[in-house]
Amino acid sequence: MSSPEVGVKQVPAPLEFKLPVDSEMKATKIVIYSIAQPHMRAFHLSWVIFFFTFFATFAPAVLIPVIREDMSLTKTDLGISGVTAVCGAIGMRVIMGFVLDIIGPRFGNAMTMLLFAPAVFCMSLVQSAGDFQCVRLFIGCSLCAFVTCQFWVGSMFNVKIVGTANAITAGWGNMGGGATALLMPLMYEGIADYVPAFHAWRYAFFIPGGIFVLLGVVSMLFSQDAPQGDYRMMKETGQLTQSKGNIWAVAKCGLLNYRSWICFMTYGYCFGVELTVDNLIVDYLYDQFQLDHMTAGGLGALFGLMNLFSRASGGMLSDLAAIPWGMRGRLWVLFTLQLLGGVFCLALGLVDYDLTATIVVMIIFSIFCQQACGATFGVVPFISRRAYG
């Protein structure tokens with residue numbers, strides 16, 4: 001048996017995939033019912049992990065009517081807690097972009113879930129407004145999984161379908177905000193049948209905390225960074241570009257690109273608004289229309305659950321407009337959806353006297369707002385390939 005010669009770079013064997021791929025080994029087709037490695041496994045792990053970070057981040061907001069009574073929280077305390085959750089997400093998303101360009105999405109996802117799982121468990125231990133705000137800050141940091149989601153999917157799928165792939169995964173992940181409004185009250189009520197009510201909401205947080213740990217381990221053991229393999233192997237074989245692994249080169253490439261800042265601002269006015277509504281909608285319906293906790297949670301869930309199709313349709317519209325008009329078509333789709341989202345956001349504030357009108361306008365607003373997010377995902381992959389994260 002002959003051994004490889006010393007000093008000769010080993011060339012990886014040709015790879016075979018279950019999905020059709022292009023010359024860069026990116027999938028040219030999305031097969032939703034498949035978990036084939038690496039493309040569809042990355043696709044599904046991306047949205048599932050993002051789903052549960054969203055679920056955990058807004059779970060405290062859903063249970064506010066119970067939590068504020070238990071700990072005597074004021075409206076100021078609750079407002080600060082909502083801001084801290086969002087601020088944590090913003091800060092960590094910036095950091096995660098650099099991290100992904102260096103260590104890859106597999107470790108990025110695992111690190112996110114395992115690092116912030118203790119924060120989810122700690123929600124059961126809070127005793128004061130300061131504790132509550134601090135824990136929400138750290139749980140909110142886990143929303144940086146969105147960056148991993150988009151980075152991973154963007155590196156796995158061909159340019160012609162990347163907008164659709166990104167929009168579907170991000171949309172299904174954002175459904176966690178609606179699912180938590182629907183499921184957390186059910187879990188709380190179920191646990192409250194066996195323990196005192198002010199203990200039940202605390203025990204409920206052990207469920208998303210345990211899921212964080214499980215998904216962190218699954219991401220580490222059963223996925224890979226890119227179609228070509230893991231980042232470590234790609235570095236050894238010279239397949240990784242020179243900017244990867246150099247944080248300063250990555251930072252300079254990303255931060256000095258004016259297009260990055262334009263997308264930062266436009267995305268803030270669609271996704272930032274969505275985060276605000278997710279934080280407030282259940283508590284608003286509970287107080288404004290004197291609903292019970294289960295009804296307020298169920299109606300509030302409709303806002304987030306529109307992500308089942310709305311974000312994906314935004315990405316699809318972007319891809320369709322790009323066929324005849326290229327990038328100009330993608331930008332016009334984004335502008336139109338953003339404008340309509342703003343119009344219905346204003347309308348929502350004018351129908352606070354009627355529950356039916358509020359729910360109808362909220363759903364229409366939700367669709368356009370989330371479609372604008374999806375259309376953004378159709379633009380981002382073209383800003384900078386060297387600093388995609």
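Refer to the structure printed above.
For clarity, every value in this text was computed on a predicted model and none was experimentally measured.

Whenever I open this one, the environment of Asp287 confuses me. Can you help?
Within the element layout of this structure, Asp287 appears in helix α13 (residues 271-288). Put simply, Asp287 and Pro65 are 222 residues apart on the chain and 9.0 Å apart in space, counted from C-alpha to C-alpha. Of note is the side chain of Asp287, whose polar atom sits 3.0 Å from the side chain of Arg68.

Where do I start with the environment of Ala110 in this structure?
For Ala110, the location among the structural elements is in helix α4 (residues 105-122). Judged by relative accessible area, which is 1%, Ala110 ranks as buried. Between the alpha carbons of Ala110 and Ile49 there is a distance of 9.4 Å; along the sequence they are 61 residues apart. Every residue in contact with Ala110, bar those within four places of it in the chain, is listed here: Gly216, Ser219 and Met220.

Is there a simple way to think about the pattern of salt bridges in this case?
Any two side chains of opposite charge can pair, on the condition that their charged atoms come close. In total, this model carries six salt bridges according to the counting rule given. Residues Glu274 and Arg311 are paired through a salt bridge, measuring 2.8 Å at the closest nitrogen-oxygen approach. Of the two residues, Glu274 is situated in helix α13 and Arg311 in helix α15 (residues 310-348); the sequence distance between them amounts to 37 residues. Grouping residues by exposure puts Glu274 and Arg311 together as buried. What emerges from the salt-bridge pattern is a single network uniting Arg68, Asp283 and Asp287.

I would appreciate a short explanation of the nonpolar core in the present structure.
Proteins that are soluble and globular tend to have nonpolar side chains buried together. In terms of nonpolar packing, the biggest core is built from 102 residues, with Phe43, Met123, Phe132, Phe157, Met184, Trp201 and Phe212 touching the most fellow members. At 15 residues, helix α1 (residues 39-62) tops the list of elements feeding residues into this core. Among residues more than four places away in sequence, those in contact with Met123 are Pro60, Phe132, Val135, Arg136, Ile139, Trp201, Arg202 and Phe205.

Where do I start with a nonpolar patch on the surface in this structure?
Together, Leu114, Val213, Val217, Leu221 and Phe222 make up a nonpolar patch on the protein surface, roughly 430 Å² of accessible area in all. Counting residues per element, the nonpolar patch draws most heavily on helix α9 (residues 206-221), which supplies three residues.

Mind showing me how you'd approach the side chain of Asn158 here?
Here Asn158 shows up in the loop between α6 (145-154) and α7 (162-192). In this structure Asn158 comes out as buried when scored by relative accessible area, which is 12%. Here the side chain of Asn158 touches Asp22 through a polar contact of 2.7 Å, side chain to side chain. Setting aside chain neighbours within four positions, we find Asn158 in contact with Asp22, Lys26, Ala27 and Thr28.

Conventions and cut-offs
- Residues numbered from 1 in each chain as written.
- Predicted model: local features only at pLDDT ≥ 70, side-chain atom pairs only at ≥ 80, totals over all residues.
- Heavy atoms only, no water.
- Helix = DSSP H or I, 4+ residues; strand = E, 2+ residues; numbered from the N terminus.
- Polar contact = N/O pair within 3.5 Å; in protein donor to acceptor, adjacent residues only side chain to side chain.
- Buried < 20%, exposed > 50% of the residue type's maximum accessible area, 1.4 Å probe, protein only.
- Contact = heavy atoms within 4.5 Å.
- Salt bridge = Lys/Arg side-chain N within 4 Å of Asp/Glu carboxyl O.
- Core = buried A, V, L, I, M, F, W, Y, C linked by side-chain atoms within 4.5 Å.
- Patch = residues over 30% accessible without salt bridge, like charges linked within 9 Å, V, L, I, M, F, W, Y side chains within 5 Å.
- Areas by Shrake-Rupley, 256 points an atom, 1.4 Å probe, with all protein chains shown as cover.

These values are about where atoms sit, not about what they do.
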